[in-house]
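Single-letter residue listing:
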Amino acid sequence: MSASDMFAPPVNRAMKVLDRSFFQRTIPTSAARIFSQKDISRCRLELEKSKDIIGTNRALLIRSDPDQERAGAGGKCVLLRPEVIHNDPTTWSPKLRDLEQDGTVGVIPYQLHLDYNYFSYTEIMNAIITQSETPEQHEVPTGFALAGHVAHVNLRERYLPYKHLIATVLADKNPQVRTVINKVDYVGTENEFRTFQYEVLHGPDDMEVTLKEQDCTFAFDFAKVYWNSRLHTEHERLCGIFKEGEVVCDVMAGIGPFAIPAGKKKCFVYANDLNPESYKYLNVAIRMNKVGDFVRPFNEDGHEFIKTAAVELLRAEHEVAIYPKKKTSRSNPKARSPPRPLKTFVQPKIMSHYVMNLPASAITFLPSFIGLYSSVPGMPSSEIRKLLAPHTEQKLPMIHVHCFSTKSEDDVAETKEICEEISRQLQYEITPDTPELQVWDVRDVAPKKRMFCASFRLPEEVAFREV
Ligand SMILES: C[S@@+](CC[C@H](N)C(=O)[O-])C[C@H]1O[C@@H](n2cnc3c(N)ncnc32)[C@H](O)[C@@H]1O
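All figures in this text were calculated on a predicted structure; none of them were measured in a lab.

## Comments concerning the sheet that holds strand S18 (residues 438-446)
Taken in spatial order, the 7 strands make up an open sheet running S13-S12-S11-S16-S17-S19-S18, and their pairing is mixed. The two strands at the open ends of the sheet, each matched to only one other strand, are strand S13 (295-298) and S18. Sheet twist, expressed as the average angle between the axes of neighbouring strands with direction ignored, equals 15°. With 4 bridges connecting them, strand S11 (residues 247-250) and strand S12 (residues 268-272) associate as parallel partners. Along S12, the bridge assignment pairs Asp250 with Ala271. Helix-sheet contacts for helix H9 (residues 276-288) involve S12 and S13, and the interaxial angle to S13 is about 165°. Sheet contacts for helix H10 (residues 302-315): S11, S12, S13 and strand S16 (353-356); angle to S12, the most-contacted strand, approximately 155°.

Okay, structure coming up:
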């Protein structure tokens, strides 16, 4: 038996309901009995260096002496590799021999007992699930997305007979997980709000989750709104691009994973979502994170919102003064006089960024940008142009639109295809060589499907086109 087989749990292909007590293994090995307590750490270090120590860092290496009397007196031993035979010094390293010769340790037999708590999720699964014939399906399902205490798995059909078992072991081995759900794929249930049908595999049907992202707190009902923790790097990436004092328009904001952190870094945010439940929890997030001065929630259709938000911003007068943290001092009456603001942020009249994270269809929202500034009631285009470069520092907004495409090594074909689709929608040519264009590879979503974010500056011709 190889060393790795020796540490693996016993196999049971018939198990359909988890029996934790089945997973027991006793490994006959050896241990170095340390005669004096003061030598424990030195012996451990030296035996580690000489590679006599047992090759697992999951089991406690220093144990009570197996002899009851010695254990009662505080006697300890260090576990050694199974290949070290207690009564055959030819299997010992020179270091172990030295330690034994000078009376520091004695080498004794030791029965190492492993149980369910020792084995990992993957080891338990490999012991239960029959390996598939095809090597690419060999792996046991390990992936899950976590939202607060809810783990969300997406099991292939072949694993469905084991679904409750998988969920229970997953929860056992991940202490933050209380509920495990499986996405149920009924054809046609992918709705516009991007919520999904699910079944609870383990734990209570409690989908009210609280979690943190980018140091912001979100509390929401995972069954009613869209949330994907796997997007956290994309949320961070775009928020990293936004600058303090800029205006960001988040057209499909969900519960605010772009909007709330952007507000926290003192961007003015127009955050919108069509799902009334998302709007509700967006409001909750605004309150919880105290970003009400900077983030305004809306519950409209994004097609319209792209235009109405731009017009509303042109007319809005809003500024936020930041005050030093209050100090109340009775002895110093001056402290009661109104403090002077540390800084005042005046809301600009033009959006700096539009974010559109609805990858299946966001590109088709682009026609809403055609003539964005050409027909604002009561405001001629000439007046709006004066708010923009070269008259001011303000440029037309960057548009960050998410989309799906195919997968290739270098994304060249995908970039070209995405540019062509943007051009079709705007009736204006955007190419991979257009200045400021970036097509960012966000993440793989399926074997042949990848999510991208195309960023480009709204062309002047499009914004002021007469329609
Ligand atoms: C993929 S989710 C992204 C949410 C959020 N931005 C995030 O990163 O988690 C897309 C969101 O678009 C919203 N949505 C769908 N159709 C919409 C529309 N026509 N207008 C505005 N929002 C829409 C959905 O309710 C959903 O919250």
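## Some words on the site of the ligand
Close to the ligand lie 21 residues; His235, Met252, Asp273, Gly302 and Asn357 are nearest. Asn357 places a side-chain nitrogen or oxygen 2.8 Å from an oxygen atom of the ligand. Protein contacts shield 98% of the accessible area of the ligand, which totals 590 Å² for the unbound molecule. Residues that form the shell around the ligand fall into these classes: 10 nonpolar, 7 polar and 4 charged.

## So, the domain arrangement of the protein chain
As far as domains go, the protein chain holds domain 1 (25-114), domain 2 (140-206) and domain 3 (213-463). Computed over C-alpha atoms only, the centres of domain 2 and domain 3 are separated by 31 Å. With 14 residues of domain 2 at the interface, the matching set in domain 3 holds 12 residues. Together, the buried faces of domain 2 and domain 3 total about 1,000 Å²; carbon and sulfur atoms form 69% of this surface. When the buried area of domain 2 at its contact with domain 3 is split by residue, Phe193, Arg194 and Thr195 rank highest and sum to 48% of it. At the boundary of domain 2 with domain 3, the tally comes to 0 salt bridges. At the surface where domain 2 touches domain 3, the tally comes to 2 residue pairs in polar contact (both at pLDDT 80 or more). Looking at the side of domain 2 that touches domain 3, the elements that each hand over two or more residues are strand S5 (145-147) and strand S6 (150-153). Top element by residues in the side of domain 2 that touches domain 3 is S5. It accounts for 3 residues. Of the residues that constitute the side of domain 2 that touches domain 3, the class distribution is 9 nonpolar, 3 polar and 2 charged.

## Brief notes about the packing of helix H2 (residues 40-49) against helix H4 (residues 94-101)
Relative orientation of the contacting elements H2 and H4 amounts to 150°, with a least axis distance of 9 Å. When the interaxial angle is binned, H2 and H4 end up roughly antiparallel. Judged by the sense of rotation from one axis to the other, the crossing of H2 with H4 is left-handed. Residue-level inspection shows Arg42, Glu46 and Leu47 of H2 in contact with H4, the latter providing Lys95, Leu96 and Leu99. Taken together, the residues of the contact of H2 with H4 break down into 3 nonpolar, no polar and 3 charged.

## Regarding the pairing of S16
The alternating pattern of S16 places His353 and Val355 on one face and Tyr354 and Met356 on the opposite face, and all of these are buried. Where S11 and S16 come together, 3 bridges link them in parallel fashion. Looking across to S16, one finds that Asp250 is bridged to Val355. Here 4 bridges tie S16 to strand S17 (residues 398-405), and the two strands are oriented parallel to one another. Across the sheet, residue Tyr354 finds its bridge partner in S17, namely Ile399.

## Topic: the pairing of S18
Pairing of S18 with strand S19 (residues 449-457) involves 7 bridges; the strand directions are antiparallel. Each residue of the ladder has a partner; that of Ala446, found in S19, is Lys449. In sequence, S18 turns back onto S19 through a hairpin of 2 residues.

## Concerning the packing of aromatic side chains
Counted under the stated rule, the structure contains 14 aromatic pairs. When the centroid spacing of 5.7 Å and the interplanar angle of 80° are considered together, the rings of Phe196 and Phe222 count as edge-to-face. In this pair, Phe196 sits in the loop between strand S7 (179-183) and strand S8 (198-202) while Phe222 sits in the loop between strand S10 (216-221) and helix H7 (232-241), placing the two residues 26 residues apart along the sequence. When its relative accessible area of 17% is taken as the criterion, Phe196 is described as buried. Aromatic rings pair up to connect Phe196, Tyr198, Phe218, Phe220, Phe222 and Trp227 into one cluster.

## What to know about the environment of Arg63
Inspection of the secondary structure puts Arg63 in strand S2 (residues 62-64). For Arg63 and Leu79, which are 16 residues apart along the polypeptide, the C-alpha to C-alpha distance reads 7.5 Å. Leaving out residues up to four positions away in the same chain, Arg63 has contacts with Gly75, Lys76, Cys77, Leu79, Tyr110 and Leu112. Among the polar contacts listed, one links the side chain of Arg63 to the backbone oxygen of Leu60, at a separation of 2.9 Å.

What counts and how
Residues numbered from 1 in each chain as written. Predicted model: local features only at pLDDT ≥ 70, side-chain atom pairs only at ≥ 80, totals over all residues. Heavy atoms only, no water. Pairing = 2+ DSSP bridges. Helix = DSSP H or I, 4+ residues; strand = E, 2+ residues; numbered from the N terminus. Axes fitted to C-alpha atoms, helices over the stretch in contact; angles between N-to-C directions. Contact = heavy atoms within 4.5 Å. Near = heavy atom within 4 Å. Polar contact = N/O pair within 3.5 Å; in protein donor to acceptor, adjacent residues only side chain to side chain. Areas by Shrake-Rupley, 256 points an atom, 1.4 Å probe, with all protein chains shown as cover. Nonpolar A, V, L, I, M, F, W, Y, C, P; charged D, E, K, R; others polar. Domains from an automatic or database assignment. Buried area = accessible area lost by both parts, 1.4 Å probe. Salt bridge = Lys/Arg side-chain N within 4 Å of Asp/Glu carboxyl O. Parallel < 35°, antiparallel > 145°, perpendicular 65-115°, else oblique. Left-handed = near helix turned anticlockwise from the far one by under 90°. Buried < 20%, exposed > 50% of the residue type's maximum accessible area, 1.4 Å probe, protein only. Phe/Tyr/Trp six-rings, centres within 6.5 Å; stacked < 30°, edge-to-face > 60°.

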